[in-house]
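Structural overview for review
As a plain string of letters, each chain reads:
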There are 2 protein chains.
Amino acid sequence: MSGEAARVFAALGDPVRLTLVASLGPDGQSISDLTRGLTITRQGVTKHLKVLEAGGLIRSERRGREVIWHCRPAGLAVARHALEEIGAGWEQSLQRLKSLVEDQTPKEGPGQI
Amino acid sequence: MSGEAARVFAALGDPVRLTLVASLGPDGQSISDLTRGLTITRQGVTKHLKVLEAGGLIRSERRGREVIWHCRPAGLAVARHALEEIGAGWEQSLQRLKSLVEDQTPKEGPGQI
DNA sequence: TCAATTAGCAACCCGGAGGTTGCACAAATG
DNA sequence: CATTTGTGCAACCTCCGGGTTGCTAATTGA
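What counts as what
- Residues numbered from 1 in each chain as written.
- Chains lettered and ligands numbered in written order.
- Predicted model: local features only at pLDDT ≥ 70, side-chain atom pairs only at ≥ 80, totals over all residues.
- Heavy atoms only, no water.
- Helix = DSSP H or I, 4+ residues; strand = E, 2+ residues; numbered from the N terminus.
- Buried < 20%, exposed > 50% of the residue type's maximum accessible area, 1.4 Å probe, protein only.
- Contact = heavy atoms within 4.5 Å.
- Areas by Shrake-Rupley, 256 points an atom, 1.4 Å probe, with all protein chains shown as cover.
- Salt bridge = Lys/Arg side-chain N within 4 Å of Asp/Glu carboxyl O.
- Pairing = 2+ DSSP bridges.
- Axes fitted to C-alpha atoms, helices over the stretch in contact; angles between N-to-C directions.
- Core = buried A, V, L, I, M, F, W, Y, C linked by side-chain atoms within 4.5 Å.
- Near = heavy atom within 4 Å.
- Polar contact = N/O pair within 3.5 Å; in protein donor to acceptor, adjacent residues only side chain to side chain.
- Parallel < 35°, antiparallel > 145°, perpendicular 65-115°, else oblique.
- Nonpolar A, V, L, I, M, F, W, Y, C, P; charged D, E, K, R; others polar.

Things to note about the overall build of chain A
If you tally the helices and strands in chain A, you get five helices and three strands. The N-to-C order of helical and strand elements in chain A reads α-α-β-α-α-β-β-α. Split into buried and exposed, the 113 residues of chain A put 40% on the buried side. A separation threshold of at least 6 residues defines the contact pool for chain A, and within that pool the share at least 24 residues apart is 49%. Summing over all exposed atoms, chain A offers an accessible surface of approximately 6,200 Å²; the carbon and sulfur share of this is 51%.

The structure is reproduced here in structure tokens:
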């Protein structure tokens, strides 16, 4: 649960970056391509891409005069793993709680309260 | 992929809030309890808790003079779902790419580049 | 009843995030 | 060679996030 996870989540914690990440794939797109769909400046997009890169969610590759940005599944894995950990901790407390309240029935998943 | 997901991720995108969320369970803790472990002020913790609540990750319950904060698994589910969506999009492009490069073998998972 | 504990509210500070403009430069393209 | 296209860099602006202090209110417990 180090700063790495926080960085990945922070990178994903912006609507613009989420759409960027969603419109991206391993085949990659240039900054100009990515900018075309949005309402902000190319430089704005560049900054967002840097944040996503710092979070390990994307990577770049220079091709001629343009820079191609690809997705980086390992970054997603970090986020997924962190969520698992949190969920595990919560479930553990849930089990303990249920074992106390009801008699002895550790069964259901996380209650969607 | 609306603003909801962004809000959840943003809520998780801070080391202090990650530790808060990790040290929380359905049994709940008061603000003072939560503050005891950390190096920041009670008011600072309160602000973080508000952010987590806005993200749907925790919920509060007044008990006498103190406020008890519980986890809220539904919030985690939102984050998990958003990650799934992103991952699915990436894999789809991966499949397309592989189908083009190799001949016709849509098989493996996301390559950990 | 009086003191201690728990929490809320408001004001304030500071740095960085998100966004822009302007300019310079390299690579395609005709 | 001149022009278009794709990027990078730097400066700047504004606003919000994270954090604090100070004061007040309510509950609890001795």
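Focus: the pattern of salt bridges
Residue and element names in this part refer to chain A. The tally for this structure, following the rule as stated, stands at four salt bridges over all chains. Ionic pairing is found between aspartate 33 and arginine 36, a salt bridge with its closest N-O pair at 3.5 Å. Pair noted here: aspartate 33 and arginine 36 are both in helix α3 (residues 31-36), with a separation of three residues, about one helical turn. On the basis of relative accessible area, arginine 36 is assigned to the exposed category, the value being 63%. In this structure, the salt-bridge partner of glutamate 61 is arginine 63, at a minimum N-O distance of 3.6 Å.

Some details on the pairing of strand β2 (residues 58-63) of chain B
Residue and element names in this part refer to chain B. Two strands pair when backbone bridges link them, and β2 and strand β3 (residues 66-71) are joined in this way by six bridges, in the antiparallel orientation. Each bridged residue has a counterpart across the sheet, and for isoleucine 58 the counterpart in β3 is cysteine 71. Between the antiparallel neighbours β2 and β3 lie two residues, among them glycine 64 with a positive phi of about 65°.

Focus: the sheet that holds strand β3 (residues 66-71) of chain A
Residue and element names in this part refer to chain A. Read across the sheet, three strands follow the order β1-β3-β2 without closing on themselves; strand pairing throughout is antiparallel. The outermost strands of the open sheet, each flanked by one partner alone, are β1 (29-30) and β2 (58-63). Pairing analysis gives two bridges linking β1 to β3, with the strands arranged antiparallel. For glutamine 29, the partnering residue across the bridge sits in β3 and is tryptophan 69. Strands β2 and β3 of the sheet are contacted by helix α4 (residues 42-54), whose axis makes an angle of about 120° with β2.

Some details on the sheet that holds strand β1 (residues 29-30) of chain B
All names here are of chain B. Ordered in space as β1-β3-β2, the three strands form an open sheet in which the pairing is antiparallel. In the strand order of this sheet, the two ends are held by β1 and β2, each with one partner. Running at roughly 120° to β2, helix α4 (residues 42-54) makes contact with β2 and β3 of the sheet.

Quick look at the nonpolar core
Looking at soluble globular proteins, one finds that nonpolar side chains tend to be buried together. In this structure, Phe9 of chain A together with Phe9 and Leu57 of chain B are the most contacted members of the largest nonpolar core, which totals 50 residues. Setting aside anything within four residues of it in sequence, one finds phenylalanine 9 of chain B in contact with Phe9, Ala10, Leu12, Gly13 and Leu18 of chain A together with Ala79, Ala82 and Leu83 of chain B.

With respect to the protein's contact with DNA strand C
Around DNA strand C sit 19 residues in total, of which Thr41, Lys47 and His48 of chain A together with Ser32 and Arg65 of chain B are the nearest. Taking the atoms of DNA strand C that fall within 4 Å of the protein, sugar and phosphate contribute 57% of them. Arginine 17 of chain A is positioned with one of its side-chain polar atoms (N or O) 3.1 Å from a phosphate oxygen of DNA strand C. In this structure, a base nitrogen belonging to DNA strand C sits 3.5 Å away from a side-chain N or O atom of glutamine 43 of chain B.

A few points about the packing of helix α2 (residues 15-22) of chain B against α4 of chain B
Residues and elements named next belong to chain B. Close contact between α2 and α4 brings their axes to 10 Å; oriented N to C, the two are set at 75°. On the basis of their axis angle, the class for α2 and α4 is roughly perpendicular. Where α2 approaches α4, its residues Val16, Arg17, Leu20 and Val21 are matched on the opposing element by Val45, His48, Leu49, Val51 and Leu52. When the residues that make up the contact of α2 with α4 are grouped by side-chain class, the tally is seven nonpolar, one polar and one charged.

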